[in-house]
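Each chain, written out:
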Amino acid sequence: MDIGTATILMIAAIFGLLVTGLPLAFITGLVAMVFTFGWFGETALPLVTSRVFSFITEYSLVAVPMFVLMASLLDRSGIAKDLFNAMRVFAGRLPGGVAVQTIVVAFFLAALSGIIGGEIVLLGILALPQMLRLGYDKRLSIGVVCAGGALGTMMPPSIVLIIYGLIASVSIAELFTAAITPAVILMGSYIAYVLVRCLKNPAMGPPLTTETQDNPFASKLDAVKAILLPGMIAFLVLGTIYGGIASVTEAAAMGVFGVMLAIVLRGEFSVAMLHHSLGQTLFTCGMIIWIGIGAAALVGVYNLMGGNRFVSGLILGMEVAPIVIILVMMAIMLVLGLFLDWIGIAMLALPIFLPIVTQLGYDPIWFGILFAVNMQVSFLSPPFGPAAFYLKSVAPPEISLKDIYVSVLPFMAIQLLVLAALLTWPQLAIWPL
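Conventions we followed
- Residues numbered from 1 in each chain as written.
- Predicted model: local features only at pLDDT ≥ 70, side-chain atom pairs only at ≥ 80, totals over all residues.
- Heavy atoms only, no water.
- Helix = DSSP H or I, 4+ residues; strand = E, 2+ residues; numbered from the N terminus.
- Buried < 20%, exposed > 50% of the residue type's maximum accessible area, 1.4 Å probe, protein only.
- Polar contact = N/O pair within 3.5 Å; in protein donor to acceptor, adjacent residues only side chain to side chain.
- Contact = heavy atoms within 4.5 Å.
- Core = buried A, V, L, I, M, F, W, Y, C linked by side-chain atoms within 4.5 Å.
- Arc of directions from axis to C-beta.
- Axes fitted to C-alpha atoms, helices over the stretch in contact; angles between N-to-C directions.
- Parallel < 35°, antiparallel > 145°, perpendicular 65-115°, else oblique.
- Left-handed = near helix turned anticlockwise from the far one by under 90°.
- Nonpolar A, V, L, I, M, F, W, Y, C, P; charged D, E, K, R; others polar.
- Salt bridge = Lys/Arg side-chain N within 4 Å of Asp/Glu carboxyl O.

Digging into the side chain of Ser72
Relative to the helices and strands, Ser72 resides in helix 4 (residues 63–76). Judged by its relative accessible area of 1%, Ser72 falls in the buried class. A distance of 2.9 Å separates polar atoms of two side chains, one belonging to Ser72 and the other to Gln280. Apart from residues lying up to four places away in sequence, Ser72 is in contact with His276, Ser277, Gln280 and Thr281.

Here you go:
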């Protein structure tokens, strides 16, 4: 059997097993073992396991459970709720002001944790009912919550960027630095879209009135005090990274300490909260590690079979401009995003694509930012976009999955436009480096 036929069989086996509902980690591991024994025999097994071992012993991976724990603690404290209420004071009576405030709060939350699912659930509980109560357009409100929550893939300390940095063997701190401008552009684009829609048709986002201004913060000074705490936590994490004081892993641990201290000072700490947060952290990290193990084994055996040389020769043999090859990669990942979650795409596609990107002379930091924006699109895209299911779990019963899928389409278009801008002007991402 030649490598081309083996590639087709491998892809068919993965998608065929996905239909059965098996977890992706088990599917990739099973396919890896079948092809290892079928192609090489049992003698090749140690080579595959050594690749898995090198993945799970990567020191930077320690940052992942720290950031997940930090996000989980934030979800269960009142810090995010106070941040949301404080921002409402500054939203004022601008048409669409609460939606704009929701996007800004989502940006802050992304800077605090870098975890996507928790943001969607939190905004679905805090922001969505408020906007619906105030008479906001249902589709606009849903889209704002989903798109705002997706900013976690982009804004440091993004788990997506940490995993990319591990796979690409590039500086995670440089990835964080490069991601800030595109993240701000995305946030600004969402805000511009909301303001244009609501200024054109104020009924889509009615301004706050004296009757609807129900807020526990009586003054802007009280609101500023509520914003200072999460701002200090974000500075503790990102400031120490950019200032060269701490590594990403050390900053993650400091972030957990800062959140824990804030929760204790607010009088919200309990053993039950810590227990639930640790349980969620173990579950999330276990999923990431198992998918990583399966994907590392699969990519390892595929490379041993000569798959990396086959794919590289196939793509580099195309008589097209290098940027067209990058576009093909983006298109492949967009299609994969319809069926797989981001961690599966990262573990399966990046080890094959990154050597080609380097051979073409492109900056892997820039490609990492493209990947992060691409994963934002996959986070929203039907039929398996995780954002829809996260929001559906906390949304009012009258909101269906169809409503959510239709609502996110304009925001997916904005994400694709930003992706196109980054492809056209790479300096938007790499200028600070």
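Next comes the rest of the write-up.
Quick word on the nonpolar core
Of all hydrophobic cores here, the largest spans 157 residues; its most connected members are Ile163 and Phe367. Residue contacts for Phe367: discarding those within four places in its chain leaves Tyr164, Ile326, Met329, Met330, Met333, Leu350, Phe353, Leu354 and Val357.

Some thoughts on helix 14 (residues 307–316)
When we look at burial in helix 14, the residues that qualify are Gly307, Val311, Ser312 and Ile315. Relative to the axis of helix 14, the buried residues are bounded by an arc of 130° and lie together on one face. Summarising the contacts, the buried residues of helix 14 are in contact with helix 1 (3–18), helix 13 (271–304), helix 15 (322–336) and helix 16 (342–359).

Describing the environment of Pro182
Tracing the backbone through its elements, the reader meets Pro182 in helix 10 (residues 172–200). On a C-alpha basis, the gap between Pro182 and Leu428 in space is 6.8 Å, while along the polypeptide they are 246 residues apart. Residue contacts for Pro182: discarding those within four places in its chain leaves Met154, Ile369, Leu422, Leu428 and Ala429.

Some remarks on the environment of Ala297
Within the secondary structure, Ala297 is located in helix 13. Given the relative accessible area of 6%, Ala297 is considered buried.

Some thoughts on the packing of helix 13 against helix 16
Viewed as axis vectors pointing N to C, helix 13 and helix 16 meet at an angle of 25°, and their least axial separation amounts to 9 Å. It follows that helix 13 is roughly parallel to helix 16 by the angle criterion. As helix 13 runs across helix 16, the sense of the crossing is right-handed. In this structure, helix 13 contributes Ile288, Ile291, Gly292, Ala295, Leu298, Val299 and Tyr302 to the contact, and helix 16 contributes Ile343, Gly344, Met347, Leu348, Pro351 and Ile352. Residue composition of the contact of helix 13 with helix 16, grouped by class: eleven nonpolar, two polar and no charged.

Focus on helix 9 (residues 159–168)
Burial runs high along helix 9: nine of the ten residues are buried. Of all the residues in helix 9, the buried ones are Ile159, Val160, Leu161, Ile162, Ile163, Tyr164, Gly165, Leu166 and Ala168. Here helix 9 starts with a cap whose side-chain oxygen sits 3.1 Å from the backbone nitrogen of Val160, and that cap is Ser158. Remark: Ser169 follows helix 9 within two positions and exhibits a positive phi of approximately 55°.

Here we look at the pattern of salt bridges
Tallied over the full model, the rule gives two salt bridges. Of the charged contacts in the structure, one is a salt bridge between Asp403 and Lys138, with a shortest N-O distance of 3.4 Å. Of the two residues, Asp403 sits in helix 19 (residues 401–424) while Lys138 sits in helix 8 (residues 138–150), which places them 265 residues apart along the sequence. Here Arg266 makes a salt bridge to Glu268, at a shortest N to O gap of 3.0 Å. A relative accessible area of 29% means that Arg266 is categorised as partly exposed.

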